[in-house]
Structures are given as C-alpha cells and as structure tokens.
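Here's the letter readout for the chains.
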Amino acid sequence: MHRGTELTAIAPVRLIRDRATLLIYLQLGVFATYLYGLSSALPLLRLDQGVSQAVAGLHGTAMAVGGIITGLALPWLTGRIGRRAVIWTGMAGMSAGTLLVAAAPTTLSVTLLGYGVASGMSSITLYSGMAALDDRHGPAGPAAISEANAVCVIVGIGVPFVVSAAAQSAFGWRAALLVTPVLAVLLALTMGRVRIPEPGETVGGAAAEGESRFGWRFYLASAVLFCCVAMEFCFNLWAAKLFSDQTGLPAAVAATAVAAFTGGMAAGRLAGAWLALRVPPTVLFLGALLVAAGGWAIFWVSTNPVFSYAGLAVSGLGVALHFPMALSRVLAASGGRRDRASAMASIFAGLAVGIGPFLLGALADGFGTQQAFLMVPALIGLAVGGLLITMSGRSRAGVGEPA
C-alpha cells in the first residue's frame, strides 16, 4: 500500500485474528500476571524481608538488568532455535523466575534473582511476540500490537486484587504468584502446537533478517521508545506519591491512584486498536502524546482527589498508545529485521525502566515530588521532537511512512 506522506489518511485495513494472533494475545495475558503480580507483591515481600524501600527497589533494578541481558541475546537465540521456541522458552523462564520468588520470599539474593530471571525471560516472549504480530499483520501491525497490549493491561487490572485476596487468606500472598506458571502450562497444553510466524513471514511479502547496521531513523525511533517507557514507569511508580502529597490523603488511599492510570490505559489501548486501523500512525502517536500531556497538567496542578483521579485517567488514556506506537515505529524502521529490532527495543526499554524512575526519585529527593514530575512533560517533548525530526527527514527524502 502506497503512502506518500505521514499525515495523509490511510485506507482502512483489516485485522485478522487467527489462531497464532490469539495465542500471542493469550501469552501476553500470562505475561501480565507475572508483571503485575510481582509488582503488587513487592510491598508484601519487603515486609517479609524486613528491608528498606531502597533495598526493595533493587528488585526493579534486577528486572531492568534482566531485560537488557536477554535483549542482547535475543537475535542469537532466535537464529538458533526460531521465534516459536524462543517465545515458549521465555514463558518457561518467566514461570521459573516467578516460582523462585514464591519459594524463597525472605532470601534477598534469591528474590532478586527471581525478579531478574522472570523479567529477562518474559521480555523475549513479549518482544518476539510483538515482532511476530508485526510480521503477520503488515499494515495492521500497529493495531494488533495495540490490541495485544490492551489484553495485557486488562488482565493486569485484576492481578493486584488476586494478590490482595491471597494475602488475606490462609494460603498467603505467595499463592497468587502460582497463577503465572499454572496459566503458562495450561496454555502450552491447549495451544502449544499453534504455529507462530517465523522471521520474514509478512503479509504482502517477505523480508529476511540482515546483518547490516540500522540507520539513524531506527535509533531515533528507539530513543522515542525509551522516552515513552520511562514516562509510563514514572507514572506507575511515582504517581501515588504525588497524589498523596497534593491531596493530603494517606499513602494507603493514594495507592488507588495507580488504578485510575491503569484504567485509562486499558480504555486507551482498546480504542487504539480500532483507531490504528483508520488513522495515520504518526497523527495517532502525536495525538496520544498530547492527550498524556493534558492529563499530566490536570494531575500536576490539582489538589482535589477527584480532579487528580481524572488527570491520571486521561494520562493513562494517552500513555496507552505510546508503547505500541513507539514499538511499531522501531519495527518499521528496521528494514524487515524485526527480531533484531525487537532485541534492541528490549534493551532501550530496559534502560528506560532502570533510569527513568530512578532519575525522577533523585530529583524528588532534591526538589520535591511535584517539581520532579516536570520530567514527564520533558519526556513528552523529547518524544514529540523525535517524531517531528523523523517526519522532516522523510519529507525531504520524499519517502512515505513505513508503518
């Protein structure tokens, strides 16, 4: 399909949800039980271990390191065993890491290892799955990626309640972590034979994975992805603190602020899957960044809980599309080398998880949480700048948007 400019309307395309697509969606659902399960369990784990918040925060660092390490290994691994085997290997490793945390919650070194293993192995499932969706669906790839992430967020909304219920039961909170390996095994037994597209199996053509270097547009797209991931995790990890500071509500109540943000993300990703089939990708991405900026502004100035919740919900609505659209641009700029691009995306995302929230926390220590949260519009501005530079470069070259 020819597109002469990034801002022209696109003809509607269809998203075909075949068994391979459904499988990847369900794998992302299992991924959500790990991600939101270990995140929700961290305060309970800290109490069991009797460590400070700073030491407990090392589990987040372990997650970032795990993602970077497996990102470096992903191209080699895909070349050796294939994408389908890589995705299931990631599912197995993610389950093993989660079980490690459940089995030894009071041993810091073991839980750090568990968080790192679970994060690293889940990353290869996540990014290989996204590459497979982009291969399978071609022009509808951004919609498929957005819909897959919508499934992830929708499942994730319920996971903290499962952890909370388990913590108040005779089984304890560790029992909630068993959901991940149980669902992974059930999915393998029921859909393990479904064929997942291998590299180059695209809609409308094939593109082999090459060894040439990526161009500047690829690295600029990766930098935009870094900004988007860092921004999302700044909200996830620090929004509750600013909510409490601004409204005066206790931390236990302020923790519900994250639910407003996550709810907005769920709605945004469901809507985004529909919009991505009808709106030019760059227009949609820029719009999502502006929506997030508007939500941030409401949240940042508000001292009223209702307006603060609203600001976070609007922020989530915009942030919902940042990762899917940013990742789609990274894949589109890869010249068909989607698995190599996915590996690089995993590394950039891991760095963002490790650097973004840490930097905001350091700024909060020096200037206060509200002033530190100015980092969010700064990241939005950098992302917008990256998109505009790419558009300008394509306009001068007379090249249309690849995705």
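This report concerns the structure included in the present document. (Residues numbered from 1 in each chain as written. Predicted model: local features only at pLDDT ≥ 70, side-chain atom pairs only at ≥ 80, totals over all residues. Heavy atoms only, no water.)

1. Focus on the overall build of the protein chain
The helix and strand inventory of the protein chain stands at 16 helices and zero strands. Contacts spanning at least 24 positions in sequence make up 84% of the contacts within the protein chain whose residues lie at least 6 apart. Put simply, the protein chain shows about 16300 Å² of open surface, and 69% of that area lies on carbon and sulfur atoms. (Helix = DSSP H or I, 4+ residues; strand = E, 2+ residues; numbered from the N terminus. Contact = heavy atoms within 4.5 Å. Areas by Shrake-Rupley, 256 points an atom, 1.4 Å probe, with all protein chains shown as cover.)

2. Remarks on the packing of aromatic side chains
Think of a pair of aromatic rings as described by two things: how far the centres are apart, and how the planes are tilted against each other in angle. Throughout the structure, instances matching the rule amount to eight aromatic pairs. Judged by centre distance (6.1 Å) and plane angle (75°), the rings of Y127 and F323 are edge-to-face. With Y127 in helix α5 (residues 108–137) and F323 in helix α13 (residues 322–332), the pair connects residues that are 196 residues apart, well separated along the chain. For Y127, a relative accessible area of 4% gives the class buried. Counting every residue linked through ring pairs, the aromatic cluster contains F235, F261, F299 and F373. (Phe/Tyr/Trp six-rings, centres within 6.5 Å; stacked < 30°, edge-to-face > 60°. Buried < 20%, exposed > 50% of the residue type's maximum accessible area, 1.4 Å probe, protein only.)

3. As for the state of the cysteines
Counted under the stated rule, the structure contains zero disulfides. Free of any disulfide, C227 has its nearest cysteine sulfur in C228, 6.7 Å distant. You can call C227 buried: its relative accessible area is 8%. (Disulfide = S-S within 2.5 Å.)

4. Considerations on the environment of P181
Checked against the element boundaries, P181 lands in helix α7 (residues 179–191). Take P181: its relative accessible area is 10%, and that puts it in the buried class. Sequence-wise, P181 and Y34 are 147 residues apart; in three dimensions their C-alpha atoms are separated by 8.9 Å. Non-local contacts of P181, meaning those with residues more than four positions away in its chain, are made with S95 and L99.

5. A closer look at the nonpolar core
If you look at the biggest cluster of nonpolar residues, it comprises 106 residues, and the most contacted ones within it are F235, L312 and F373. The residues touching L312, leaving out its near neighbours within four places in the chain, are F235, A239, F243, A257, A260, F261 and F299. (Core = buried A, V, L, I, M, F, W, Y, C linked by side-chain atoms within 4.5 Å.)

6. Re a nonpolar patch on the surface
A surface patch of nonpolar side chains, amounting to about 750 Å² of accessible area, comprises L99, V162, L178, V179, V182, L183, V185, L186 and L189. On the secondary structure map, L189 appears in helix α7. (Patch = residues over 30% accessible without salt bridge, like charges linked within 9 Å, V, L, I, M, F, W, Y side chains within 5 Å. Salt bridge = Lys/Arg side-chain N within 4 Å of Asp/Glu carboxyl O.)

7. Describing the pattern of salt bridges
Per the counting criterion, the structure on display carries four salt bridges. Here R269 makes a salt bridge to E232, at a shortest N to O gap of 3.9 Å. With a gap of 37 residues between them, R269 in helix α10 (residues 257–275) and E232 in helix α8 (residues 216–247) connect regions that are remote in the sequence. Pair check on accessibility: R269 and E232 agree, each one buried. In this structure, the salt-bridge partner of D245 is K241, at a minimum N-O distance of 2.9 Å. One end of the pair, D245, and the other, K241, are both in helix α8, four residues apart, so they sit about a helical turn from each other. Judged by its relative accessible area of 41%, D245 falls in the partly exposed class.

8. Observations concerning the packing of helix α1 (residues 19–49) against α7
Axis separation between α1 and α7 bottoms out at 8 Å; the angle between their running directions is 165°. When the interaxial angle is binned, α1 and α7 end up roughly antiparallel. Here the hand of the crossing between α1 and α7 comes out left-handed. Between α1 and α7, the contacting residues are R19, L22, L23, L26, Q27, V30, T33 and Y34 on the first element and V179, T180, L183, A184, L187 and M191 on the second. In terms of residue class, the contact of α1 with α7 is made up of 10 nonpolar, three polar and one charged. (Axes fitted to C-alpha atoms, helices over the stretch in contact; angles between N-to-C directions. Parallel < 35°, antiparallel > 145°, perpendicular 65-115°, else oblique. Left-handed = near helix turned anticlockwise from the far one by under 90°. Nonpolar A, V, L, I, M, F, W, Y, C, P; charged D, E, K, R; others polar.)

9. Remarks on the packing of helix α11 (residues 281–301) against α13
The relative placement of two packed helices comes down to the angle between their axes together with the axis-to-axis distance. Where α11 meets α13, the axes come as close as 10 Å, and the angle between the chain directions of the two elements is 145°. Handedness of the α11/α13 crossing: left-handed. Taken together, the residues of α13 that come into contact with α11 (itself represented by P281, T282, L284, F285, A288, L289 and A292) are H322, M325, A326 and R329.

10. Quick word on the side chain of H322
Positionally, H322 belongs in helix α13. When its relative accessible area of 1% is taken as the criterion, H322 is described as buried. Within the structure, the side chain of H322 is placed 3.2 Å from the backbone oxygen of A288, a separation counted as a polar contact. Contact partners of H322, with chain neighbours within four places excluded, come to C228, M231, F285, A288, L289 and A292. (Polar contact = N/O pair within 3.5 Å; in protein donor to acceptor, adjacent residues only side chain to side chain.)

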